[in-house]
Every structure is written in structure tokens, then in C-alpha cells.
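Summary of structural features
Residue-level listing of the chains:
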Amino acid sequence: MTNIIPVFKSWVPEWLIRFALLIVVLPGVVLFALSVSNVSAAAGYYGITPNDVQYSLIILYGSMASFIVLEGRFFKNIASKEYLLIGVIILIGTCYLCYVTHSFFVLLMLRYVQGMLTCGTISITLTLMFNRLHGERSREIGYSVVYCILLCVVPFTTLITSSIIDTFNYNVIYKFAIYSYIPGALIMFFIMNNVRLNRKLPLYRLDWPSWIIYSAGLCFIGYVLIYGQQYDWLGDRRIALSIVAIVVLLTIFLIRQWNLKRPYLYLKVFRQPKFVLGAVLLFVFYIVRGSFGVTTSYLGSVLGMDPIHISYMLIYNIAGIIVSVIISSRLVLLKKPTRLIFIYGFVILLIFHVRMCFIFGTQADSSDLIIPLILQGLGAGMLMVPIILFIISSSPAKYGNTGSAVGIFVRFLGFCSSIALINFFQLYGQTNHYNRFQEQLSSLNPLVVQKLTTTSQALMSRGVAADQAVKISNGLLNKSISVQAQLRFAIDYYQLISWLLLGTILLIALFPSINRTTIGVKTNQPAPVAF
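**Quick look at the packing of helix H4 (residues 80-100) against helix H5 (residues 104-131)**
Contact geometry of H4 with H5 gives a least axis separation of 9 Å together with a crossing angle of 155 degrees. As summarised for this structure, H4 and H5 are arranged roughly antiparallel, according to the angle between their axes. Both H4 and H5 take part in a crossing whose hand is left-handed. Contact residues: Ser80, Tyr83, Leu84, Gly87, Val88, Ile90, Leu91, Thr94, Cys95, Leu97 and Cys98 in H4; Leu107, Leu110, Val113, Gln114, Leu117, Thr118, Gly120, Thr121, Ile124 and Thr125 in H5. In terms of residue class, the contact of H4 with H5 is made up of 13 nonpolar, 8 polar and no charged.

**What to know about the side chain of Ser215**
Along the polypeptide, Ser215 turns up in helix H8 (residues 208-227). Here Ser215 is in contact with Ser66 and Tyr112, once residues within four sequence places are set aside.

**Comments concerning the packing of aromatic side chains**
Evaluation of the coordinates by the stated rule reveals 26 aromatic pairs. Each ring, one from Tyr96 and one from Tyr99, has its centre 6.4 Å from the other, and the planes form 40 degrees; the classification is tilted. With Tyr96 and Tyr99 both in helix H4 and 3 residues apart, this pair spans about one turn of that helix. An angle of 85 degrees between the planes, with centres 5.0 Å apart, marks the rings of Tyr298 and Phe360 as edge-to-face. Taken together, the residues Tyr298 in helix H11 (residues 292-301) and Phe360 in the loop between helix H13 (338-359) and helix H14 (370-394) connect sequence positions 62 residues apart. Overall, the relative accessible area of 8% leaves Phe360 in the buried class. Each residue in the set Phe292, Tyr298, Phe352, Phe360 and Tyr494 is aromatic and connected to the rest through ring pairs, giving one cluster. Its end group placed over the ring of Tyr231, Arg238 keeps NZ or CZ at 3.8 Å from the ring centre. The lysine or arginine in question, Arg289, covers the ring of Tyr286, its NZ or CZ lying 5.5 Å from the ring centre.

**Concerning the nonpolar core**
Note that soluble globular proteins tend to have their nonpolar side chains buried in a common cluster. Tyr170 and Met188 are the most contacted members of the largest nonpolar core, which totals 172 residues. The greatest single-element share of this core, amounting to 15 residues, is contributed by helix H3 (residues 50-77). Beyond its immediate sequence surroundings of up to four residues, Met188 is in contact with Phe8, Ala20, Leu21, Val24, Lys81, Leu84 and Leu128.

Cut-offs applied
The numbering scheme is per chain: residues are counted from 1 as the chain's sequence reads. This being a predicted model, a pLDDT of at least 70 is required before a residue's local features are given, and a value of 80 or more before pairs of side-chain atoms are given or counted; all residues contribute to the totals for chains, interfaces and linings. Heavy atoms throughout the structure, all of them, feed into the side-chain values; hydrogens and water do not. Helix axes are fitted to C-alpha atoms over the stretch in contact, other axes to C-alpha atoms as well, and angles between N-to-C directions run from 0 to 180 degrees. For helices the rule is a DSSP run of H or I covering at least 4 residues; for strands it is a run of E covering at least 2, with both sets numbered from the N terminus onward. Should an angle fall under 35 degrees it is called roughly parallel, over 145 degrees roughly antiparallel, and 65 to 115 degrees roughly perpendicular, with every other angle called oblique. Whether a crossing is left-handed or right-handed is set by the direction in which the near helix is turned from the far one by less than a right angle, anticlockwise for left-handed and clockwise for right-handed. Only heavy atoms enter the contact rule, under which two residues are in contact if any of them lie within 4.5 Å. Residues are grouped as follows: nonpolar covers Ala, Val, Leu, Ile, Met, Phe, Trp, Tyr, Cys and Pro; charged covers Asp, Glu, Lys and Arg; every other residue, Gly included, is treated as polar. Between 30 and 60 degrees the pair is tilted, below 30 it is stacked and above 60 it is edge-to-face, where a pair is any two Phe, Tyr or Trp rings, Trp via its six-membered ring, whose centres lie within 6.5 Å. Residue burial is assigned from relative accessible area. The probe radius is 1.4 Å, only protein chains are included, and a residue is buried under 20% of its type maximum, exposed over 50%, and partly exposed in between. Here, a charge over a ring is recorded when the distance from Lys NZ or Arg CZ to the ring centre is within 6 Å and its angle to the ring normal is within 35 degrees. Nine residue types can take part in a nonpolar core, namely buried Ala, Val, Leu, Ile, Met, Phe, Trp, Tyr and Cys, and a core is a set of them joined through side-chain atoms within 4.5 Å.

The following block contains the structure:
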């Protein structure tokens, strides 16, 4: 298409075009991960709970997932240069409002708008990028680069924001987000021609009702999965009403799609068994990927690492991702059996989770975690690109953006479900283990008495009053019990994930049709939104 439509000016070198596209994509990807880069700092600044911080990310994610289909019509109505610059300018405005506001409700509205705008800017940037990659080989490499960036975004964002948050207030990161958008926007302003990639389609007969129903449904799903544990699930009226709303909205949406001549989402895509299998594997992958948060939480709460040192440790994870994405893309280009690539990736993640079950402890050294962090990166990078390409290859091109929309919905659902599972097992697991430890640690246990006496005497020898020494000793004992309960929860959860991985590996091994799907990206297939 670039041979016919001169999107970029003739004097612009290819390296500058690719560099400009990259630095336009990066701020949107980083903006997505800001909420999870330092949850405690965000909660403290806005005066909200960690669940509220996570929900602000879910709002952005749900907005992006629901707007992806409708966004295509706006893209075809406005010239590429205008479309990109309008999106970036409004994004800069929303970042400034996030910088000055202290209201959680206003933050949620801004994050929703950011989700729509990020969907548009990333969509047009990826479209421009993939339109310049004509061969199947180059397009597969392009997908590898994009999803490598996606996998690295959370540890990378933690790395670049931890020192900023340590020095300034949390809202300053939105000021840095503003500055990060400006260079790419200026370069694109000077190197792009004001042309259209598609024939102009007027903005009429837009399926606004389907978008509203779908978007509201995703927000309710995220609300239930994030706050369900906090509000005791069906024991709370808000959660019960949200579940009823989900059922009603889902029913209306499905009926509407079956009866529309041009549906918002082509539900017939689910008649493709390989597409469904790919969606299931992607969902499992995001559940497993979400469990990595237990490891980072362990680094901070048990080993006592501050966010800056945690970010340094995550460099090993980033290295593993980069290496494995290169390997997996090479295996795909060599047309190696798809089933083997999937098995390799899930086996590596299985090894990581089993290994961490033996590492979790109060005396672990940071050097003991280097190999597991690399293994987690290797497993994630080995799976992400092949699974995405498998879904794309299994989705008929006649269904347009439905495959991309379903893919981002599955990632949204997997991400929310992972948070819900961790919250659920963390509460009940830690509580159960804490109570069992408390039953063993009574005043009748001579080991407990000896431990408390030794600690009290050590404190008194350093000038602490006798009554204060007793209180501090009891506090230290309770803290030790809490840490042990958290460690037992981490081990139990990773054992559960290990069984899930083992079952997934067996499913892949017993599903021979996976090898009969040739992973390939045709030039007429759209590039999906990265998230």
C-alpha cells in the first residue's frame, strides 16, 4: 500500500519512519502499565485502596477492548495524520488532568477516555507499521517486536518510574507521560503527508448501541472480579446487582449480534475450533502470567526490597523475554511444529513455578532468584507471539476485526480473572494458614515461651523497658506468623498454577490439529491492537 499511497514524505529515510512509529507507540503502552507499576504509591496519593487502583486500569482496558471495532470507522473517516495528531493531543490533555486531579471518580473517567484514545493511536501506528512490511516473514518479525514490547512493558515501566516515585509525588509520572508524547508527535507532524489509507466512510450507521452495551458489560465484569472478594461476593448487594447487569447486557448483546446484518462482533468466528483453542490458551497464559505478581510481592513484603531494587531484579526477566521472543520467532519462521513451541513455553513456565515453591522463604538471597526470573521471561516470551499468531491464522479474514476484538477481550478477561484468583486465594489461604499457626503458638508451647523470652531479654539488654520489650516481642511474633502465612499462600497458589500448566500441556499434546494450523500472517490481515 505504501507504494500507492505516499503516507510519508519522499525524503524521509526508512529508519526515521520506524523510529518515529516506535516512539509514538511506547508512551501509550507505558500509560497502560502506570497503574500497576506501583500500586501502593498510587493508592497513597489518591487516598484509595489498591483495588481501586487496579480498577482504574481495568476501566482503561475495558474501554480499549470495547472500542476497537468502532475505532475502525473513525480511522476510515479521518486522514491518517490528522487522526494520529488529534488522538495524541487529547491524550496529552487527559494526562494533564490526571496530573492535577485528586478525585478517584474523575480519574476513572479520564482513564476510560485514555483507553479509547490509546486504542486509536496504537491502531493507526501499528497499521502504518505493518503496511510497510509486505512479506510474511517481515510481518511475523513485526508482530514479535510489538509483543516483545508488550511483555516487557510492566517491568520496564516499574524500572523507569520507581526512582521517579521515590523522589516526587505519584502524579508526576503523568507529567513525564506528557513529555514522552511530544517528540513522536512532532516527528510525525513533519514527516507524514495528510493522506488517507482507505476510502472515506462517513460516520453514519455506527453501531453505538452495541458499543455501549459491550463497554458497560466489560466494566461490570471488571468490577465484579476486582471488588468481589473485598465485598464478599454475592453477600453484597452491589456485586449481586452487577452480576445481574452482566447477564442482562450479555443476553441483549448476543441477541443483537445474531440479528444484525453487519454485527459489531461476528459470533460465527467461535465455530472455528482452532480459534477457540487459541483463545483458551491465551486465557490460560494470562492467568499464569498474572501469577508473577506473587513473586514481585514476595520480593517487597517478605524480602524487604524497595521498588527500585525490585525493578533492578526485573531486568533479568526482561532479558529472558527478549531472548525467548527471538527464539520463538525464529521457530515460527522455520515452520517448526506449533504444538512443540507451545509445549516448550508452558514447560518452562512449569519449571519456574515449581522452582519458586522451593525458593519461597524468609532467608532467600536475591542471587537465588536470578535464574527463576529469567525462566519466567523465557516462558512468557516463548508463548506470547506464537499464540497470537495462531489465533490470527485461525481467524477467517472475512470476519475483519472480530479476531482482534476477541483476542483483546480474552486478554482482558484473563487479566481480571488472574487478579480475582490471587485476591481470593490470598485472603482464604493466608487466613487459614495464619489461624493454623496461631493454634500451634500458645502460651503452653515451651518453644514459643522460649522465643518470646529470648527476644524480650535481647531488647531489654539494649535499654528497652520490660513492659515494652514484651509488647515488641509479641508484635514481632505476630509479624513472623503473617510472613509465614503469606509464604504458605504463595506456595499453595504456585502449586495450583503448576497443576493448571500440567493440564494445559497434556491438552496441547492430545490436540493433534494444532500442528495442522500453519502459523502465518497474510498481508490482508489487520494488525491487532497490542494489548
